[in-house]
Amino acid sequence: MTGDSIADMRIAVGPSAVSHSNRALLIAFNSILTAPLGIERLLSRRLQAWVERHGTCPQKIMAYGAAAGDLAHASLPGVDRVVHLEPPVQTQRNCAQAATEYWRRTAELQRDDVRRSLGISESSVVILAVGDRADSIDARAAFAASGRAVLGGANVVLIVPTRAQWVLETKRHARISRMEEQFMAIDGAEIPSSLWLAADAMLLQARGDESESRWWGWCRWWALAAGIGVIHESCIEECEGTLAFTRGDRDELVRLFIKIADDCGAGGSMLRALSEGAIRSAQAAAK
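Residues numbered from 1 in each chain as written. Predicted model: local features only at pLDDT ≥ 70, side-chain atom pairs only at ≥ 80, totals over all residues. Heavy atoms only, no water.

**Points about unusual backbone geometry**
Spelled out, the test is: Only DSSP runs of H or I covering at least 4 residues are called helices, and only runs of E covering at least 2 are called strands; the numbering of each starts at the N terminus. Note on exposure labels: buried denotes an accessible area under 20% of the residue type's maximum, exposed denotes more than 50%, and partly exposed covers the range between, all computed with a 1.4 Å probe on protein chains only.
Non-glycine residue W166 carries a positive phi angle of around 60 degrees. Relative to the assigned elements, W166 resides in the loop between strand 6 (156-161) and helix 7 (167-176). Assessed through its relative accessible area of 35%, W166 is described here as partly exposed. Of note in the backbone geometry, R178 takes a positive phi value of approximately 60 degrees without being a glycine. As for its placement among the helices and strands, R178 is situated in the loop between helix 7 and strand 7 (183-186). Under the relative-accessibility criterion, R178 is labelled exposed at 75%.

**Focus on the nonpolar core**
Threshold: Nonpolar core, defined: a set of buried Ala, Val, Leu, Ile, Met, Phe, Trp, Tyr and Cys residues in which side-chain atoms within 4.5 Å join the residues together. In this description, contact between two residues means that some pair of their heavy atoms is separated by no more than 4.5 Å.
Formed by 68 residues in total, the largest nonpolar core has its most connected members in I159, W196, L203, W222 and I231. When neighbours within four sequence positions are excluded, L203 is seen to be in contact with I127, L128, A129, V130, A142, I231, F245, L253 and F257. Ranked by size, the runner-up nonpolar core spans 15 residues in total, among them I11, A35, V51 and A68.

**Remarks on the side chain of S146**
Its location among the elements puts S146 in helix 6 (residues 139-151). Exposure remark for S146: the relative accessible area of 2% places this residue in the buried category. Residues within four places of S146 in sequence aside, it is in contact with V156, L158 and F257.

**Notes on the packing of helix 6 against helix 7**
To keep things clear, this is the line we draw: Between the N-to-C directions of two axes lies an angle of 0 to 180 degrees, each axis being a line fitted to C-alpha atoms and, for a helix, fitted only over the stretch in contact. Reported orientations rely on four angle classes, namely roughly parallel under 35 degrees, roughly antiparallel over 145, roughly perpendicular from 65 to 115, and oblique for the rest. Gly is placed with the polar residues, together with every amino acid not listed as nonpolar (Ala, Val, Leu, Ile, Met, Phe, Trp, Tyr, Cys and Pro) or charged (Asp, Glu, Lys and Arg).
For the pair helix 6 and helix 7, interaxial distance at closest approach is 8 Å and the crossing angle is 25 degrees. In terms of axis orientation, helix 6 runs roughly parallel to helix 7. Across the interface between the two elements, A139, R140 and F143 of helix 6 pack against V167, T170, H173 and A174 of helix 7. Along the lines of polarity and charge, the residues of the contact of helix 6 with helix 7 split into 4 nonpolar, 2 polar and 1 charged.

**Side note on the pairing of strand 9 (residues 229-232)**
Sheet faces and side chains relate simply in a regular strand, where the side chains alternate between the two faces. What counts is decided by this rule: Only when DSSP finds a minimum of two bridges between them are two strands counted as paired.
The alternating pattern of strand 9 places G229 and I231 and V230 and H232 on opposite faces, both of which are buried. Sheet analysis places strand 8 (residues 201-204) next to strand 9, joined by 4 bridges and oriented parallel. Bridge pairing in strand 9 places A201 opposite G229. Looking at chain direction, strand 9 and strand 10 (residues 242-244) are connected through 3 bridges and run parallel. The partner of V230 across the bridge, within strand 10, is T242.

**As for the packing of aromatic side chains**
Counted only if it meets this: Aromatic rings from Phe, Tyr and Trp, taking only the six-membered ring of Trp, are treated as a pair when their centres fall within 6.5 Å; an angle between ring planes under 30 degrees marks them as stacked, one over 60 as edge-to-face, and anything in between as tilted. Distance and angle both matter: a charge sits over a ring if NZ of Lys or CZ of Arg is within 6 Å of the ring centre and within 35 degrees of the ring normal.
One pass over the full model with this rule turns up 3 aromatic pairs. Aromatic side chains Y102 and W103 sit 4.9 Å apart centroid to centroid with 80 degrees between the ring planes, which places their arrangement in the edge-to-face category. Summarising the burial analysis for this pair, Y102 and W103 share the class buried. Look at W103 and W196: their rings are 6.4 Å apart centre to centre, the planes differ by 35 degrees, and that puts the pair in the tilted class. Separated by 93 residues along the polypeptide, W103 in helix 4 (residues 89-105) and W196 in the loop between strand 7 and strand 8 bring together distant segments of the chain. Overall, W196 belongs to the buried group, its relative accessible area being 0%. Ring pairing ties together the aromatic residues Y102, W103 and W196, which thus form one cluster. We note R140 situated over the ring of W166; from NZ or CZ to the ring centre the distance is 3.7 Å.

The following block contains the structure:
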């Protein structure tokens, strides 16, 4: 089904993670509507606006999550819908395939060149704090850990998206602490791009809203396919290429940052093994 005619119009609705993984879904949609700021009830307004804009109802709605399915039914009760209560298993495999293909197309880019363009030294360990939604990333908590690692002697640079929580406050704190070079806020950092090639590891924080936890962490497939190890706050299932730390345990995260920095100074065997594990994990998922 291509969605080229009025007769076979399809739209997908669900949490914001759906928008990041839509390129990996092997179904053609006319539109993918996600919850503004993660607020599911606002989806109904987007559905109604879509109908008004197109002057017709879709023939089918693919809803991701029970809340999205209920809202789709309440907004357009006469439209056929399929509701996925859990992320489809095949979608994760498709995600890994799409991610692998994406990085294959950027193979000519070099890590050193990307770092040089950002003004990051080769000796620094770059941690990329990202997630499926930029406004769900806690820049203050991430820098509290990386800053302590810096005070402990680790050469760590933290990169967050400009739309992360507490970015301005964190910038101010970094400046007061004379750690401006250890904290960078970059627009669109949560979206896979050449910027990711500068990273040694991705930090994936747990969401405060448990309602979307089953859908959280799609971005890890793009990190794993790029050979970037993933450090996560026990918020995704364990897989090769990831390291977990106890949720809310900032001391454990600080120790992990210091360990990674020391490891890089000694040749990076741990990060290299983590990166190789990430590649194997992504390749296995893509088979």
